[in-house]
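# Commentary on secondary and tertiary structure
Each chain, letter by letter, is given below.
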Amino acid sequence: MRSLALAISIAAIAVVPAAAQNSGVLYWNMPTTPAQLAFAASSAAMSDEPQGLAANPAALAAVSWRSLSTAGVQWWEGIYGGSVGATLPLAKRRGTVWAALGYWSSGSMAGYDDRGAPLGNISAQAVSGAAGYGYQLFGGFAAGLALKFSALTLPQRRDLGFAADCGAQYRWRSLAAALLVQDLGPKYPVNGADRATLPTAVSLGGRLSLWRERITVAAQYTARDGERPQPSAGLAVSPVPLITVRVGLDGQRDRPQMSPLGLGLAVRTTGKQDYTIEYGYRSHGDLGRVQALALGISF
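Everything numeric in this text was worked out from a predicted model, so none of it was measured. (Residues numbered from 1 in each chain as written. Predicted model: local features only at pLDDT ≥ 70, side-chain atom pairs only at ≥ 80, totals over all residues. Heavy atoms only, no water.)

### Structural notes on the overall build of the protein
Counted only if it meets this: Helix numbering and strand numbering both begin at the N terminus, where a helix is a DSSP run of H or I of at least 4 residues and a strand a DSSP run of E of at least 2. Type-normalised accessible area, obtained with a 1.4 Å probe on protein chains alone, sets the label of each residue: buried when under 20%, exposed when over 50%, and partly exposed for intermediate values. Contacts are residue-level and defined by heavy atoms, with any inter-residue pair within 4.5 Å sufficient. Values of accessible area rely on a 1.4 Å probe in the Shrake-Rupley scheme; residue burial ignores everything except the protein chains shown.
The number of helices and strands found in the protein is three helices and 14 strands. Here the protein holds 299 residues, and the buried ones make up 46% of them. For the protein, the share of sequence-separated contacts (at least 6 apart) that also reach a separation of at least 24 residues comes to 52%. About 14,700 Å² of surface is accessible on the protein, with carbon and sulfur atoms providing 62% of the total.

This is the structure we're talking about:
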């Protein structure tokens, strides 16, 4: 039954581009990092650092160190994804730039069309990319812009899509508030005969850090075209300076198999260079477990 559900999902992607505006088809929105698994949508509010292909570009302005990171995520039935990313603060406080690449593979599985007729073994791979820039305007206000693309390869077909994200952030002491508008762009796919409007999302979130940033809590509300509004929240606790435990609560009701609770763990070394190892976990019920691992360095 699980294989059949996956096969139908892949076949739906092949037959109906953008799957009735479901954001899950947009591979730049698929989670590849432990933080995205643990915090879900609230990962944008929990940290200024980009996570996989996701970032609030305005928050980049607060990143003051260079970083490199790589992450991989393992789903079920041979489905996996990964990403690499880098941030670079520019000299003389001219802002911060960021770039990331991602990859997804569904493996090979039996496919069926919308009438249940077999399509044979099919596979799908997607390559995505993103680049962003954030700049501190004045006081605690910052703004940013990110551009992204995704190329989905299917048997005898390739779908190409483009989009932009824009954001604003205000920081005051231990508080941060952010506004993020995602997936602005042309219809998806841009090269297809049957194109659908991108499901634009607007998110409003806030974050509070306590006890010298050993406790961080965030809440976010996301409204996306074609989907129910989604609240989310995240909590990060560092009982000792080098270890952080993560818990995320997601209010997504359009995907009942996905557990509302996500978990994660991060271990960070300190010194001339900071190294980070992260792990994330979220259950998808009968479909299986999703796990992610990431390695990063800041210098």
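### Overview of the environment of P189
In this structure, P189 sits in the loop between β7 (175–184) and β8 (201–210). Between the C-alpha atoms of P189 and R158, which are 31 residues apart in sequence, the distance is 9.0 Å.

### Structural notes on the pairing of strand β11 (residues 243–250)
Going by this rule: When DSSP finds two or more bridges between two strands, those strands count as paired.
Burial of β11 is one-sided: the residues T244, R246, G248 and D250 facing one way are buried, the residues I243, V245, V247 and L249 facing the other way are not. Relative to β11, strand β10 (residues 230–240) is paired through seven bridges, and the arrangement is antiparallel. The residue bridging A236 from the neighbouring strand is R246, located in β11. Hairpin geometry of β10 and β11 is characterised by an intervening segment of two residues between the two adjacent antiparallel strands.

### Overview of the confidence of the model for the protein
Inclusion rule: Known as pLDDT, the predictor's per-residue confidence is scaled from 0 to 100.
In the predicted model, the protein carries a mean pLDDT of 89, and the fraction of residues at 70 or more is 90%. Confidence over residues 1–21 falls short of pLDDT 50; this stretch has 43 contacts with residues more than four positions distant or in other chains.

### Topic: the pattern of salt bridges
Counted only if it meets this: Any carboxyl oxygen of Asp or Glu that lies within 4 Å of a side-chain nitrogen of Lys or Arg is treated as forming a salt bridge with it.
Counted by the stated rule, this structure contains eight salt bridges. Of the charged contacts, one joins D48 and R171 as a salt bridge, the two residues approaching to 2.6 Å between their closest N and O atoms. Of the two residues, D48 sits in the loop between α3 (43–46) and β1 (67–74) while R171 sits in strand β6 (residues 157–172), which places them 123 residues apart along the sequence. D48 sits in the buried class, given a relative accessible area of 14%. Note that D183 and R224 form a salt bridge whose closest N and O atoms lie 2.8 Å from each other. You can see D183 sitting in strand β7 and its partner R224 sitting in strand β9 (residues 215–224), a full 41 residues away along the chain. Among the residues examined, D183 registers a relative accessible area of 0% and is labelled buried. Ionic contacts of the salt-bridge type, sharing partners, join the residues K148, D165, D183 and R224 into one network.

### Examining the packing of aromatic side chains
Heads up, the condition is: What counts as a ring pair is set by centres within 6.5 Å for rings of Phe, Tyr and Trp (its six-membered ring), and what kind of pair is set by the plane angle: stacked under 30 degrees, edge-to-face over 60, tilted for all other angles. Geometrically, a lysine NZ or arginine CZ counts as sitting over a ring once it is within 6 Å of the ring centre and also within 35 degrees of the ring normal.
This structure, assessed with the given rule, holds seven aromatic pairs. For the ring pair F141 and Y170, a centre distance of 4.6 Å and an interplane angle of 40° mean the geometry is tilted. Note that F141 is positioned in strand β5 (residues 141–154) and Y170 in strand β6, a separation of 29 residues in sequence. For F141, a relative accessible area of 40% gives the class partly exposed. Over the face of the ring belonging to W211 we find R214, whose NZ or CZ atom lies 5.1 Å from the ring centre.

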